[in-house]
Amino acid sequence: MAEVLTSLADLKQVVEAEEPARQPKRDAQGRAYGTGRRKDAVARVWIAPGKGKMSINGKTAEQYFARPVLRMLIAQPFLVADRYNSFDVYCTVTGGGLSGQAGALRHGLSRALVNYDPELRRILKAAGFLTRDPRVVERKKYGKAKARRSFQFSKR
């Protein structure tokens, strides 16, 4: 007969016992992959153990993201996971503007880190880096100047 669960702690123990341990997902070269999205931008990210070199569309991070705020944004997953300068990053980013691309890259880096080391999932999830930001530009409506802005009204 099935055992009776008397508390939430008992339920957690049963769930943890049934849940299999996550396995790392790496290719033959030891790289982990992650796809990140933000606004209209999509980032395809590969990480491998290394010295911290970053290649974004064939350029360095300093060349591609000239603004320090954007470079800080893409470094956040490594800082939170305490893995700064321990992975080489190769990625391609398409669509959107620089801000959206930096957000997509952060999302992709976080996913790639989880694929490389599943133990990091709890830390990155708590920091909110594994959640895709759903905010996108609102479409323009007919009869309006922009999405919500109306044309100037004049009584004459």
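In this report, the structure presented in the accompanying data block is examined.

Thresholds applied
Residues numbered from 1 in each chain as written. Predicted model: local features only at pLDDT ≥ 70, side-chain atom pairs only at ≥ 80, totals over all residues. Heavy atoms only, no water. Helix = DSSP H or I, 4+ residues; strand = E, 2+ residues; numbered from the N terminus. Rg over C-alpha atoms; globule rule 2.2 N^0.38 Å. Buried < 20%, exposed > 50% of the residue type's maximum accessible area, 1.4 Å probe, protein only. Contact = heavy atoms within 4.5 Å. Areas by Shrake-Rupley, 256 points an atom, 1.4 Å probe, with all protein chains shown as cover. Lys, Arg positive; Asp, Glu negative; His and termini not counted. Charge placed at Lys NZ, Arg CZ, Asp CG, Glu CD. Pairing = 2+ DSSP bridges. 1 Å grid on protein atoms, 1.4 Å probe; cavity = no way out; pocket = protein on both sides within 12 Å on 5 of 7 lines; lining within 4 Å. Points joined across faces, edges and corners; volume = space filled by probe spheres on them. Nonpolar A, V, L, I, M, F, W, Y, C, P; charged D, E, K, R; others polar.

## Concerning the overall build of the protein
Part 1 of the reasoning: If you tally the helices and strands in the protein, you get five helices and five strands.
Part 2 of the reasoning: For a compact globule of 156 residues, the expected C-alpha radius of gyration is about 15 Å, and the protein comes in at 21 Å, more than 25% above that figure.
Part 3 of the reasoning: The 156 residues of the protein split such that 31% are buried.
Part 4 of the reasoning: Considering only intrachain contacts with a sequence separation of at least 6, the fraction spanning at least 24 residues in the protein is 67%.
Part 5 of the reasoning: Only carbon and sulfur atoms are counted for the fraction: they give 53% of the accessible area of the protein, which is about 11000 Å².
Part 6 of the reasoning: A distance of 17 Å separates the average location of the 31 positive side-chain charges in the protein from that of its 14 negative side-chain charges.

## Some thoughts on the sheet that holds strand β5 (residues 87-94)
Part 1 of the reasoning: What the five strands build is an open sheet, ordered β1-β2-β5-β3-β4; its pairing is mixed. The sheet is open, and its two edges are formed by β1 (32-38) and β4 (59-60), each paired on a single side.
Part 2 of the reasoning: As defined by bridge partners, strand β2 (residues 41-49) adjoins β5 across eight bridges and the pair is classed as antiparallel. In the strand pairing of β5, R44 is matched with T92.

## Focus on the layout of surface pockets
Part 1 of the reasoning: Approximately 300 Å³ is the volume attributed to the second largest pocket.
Part 2 of the reasoning: The wall of the second largest pocket is formed by 17 residues, among which G52, M54, A61, E62 and Y84 lie closest to the centre.
Part 3 of the reasoning: Sorting the residues of the lining of the second largest pocket by element identifies α2 (61-64), α3 (68-80) and β5 as the ones contributing at least two each.
Part 4 of the reasoning: It is α3 that contributes the most residues to the lining of the second largest pocket, six residues altogether.
Part 5 of the reasoning: Across the lining of the second largest pocket, the residue classes break down as ten nonpolar, four polar and three charged.

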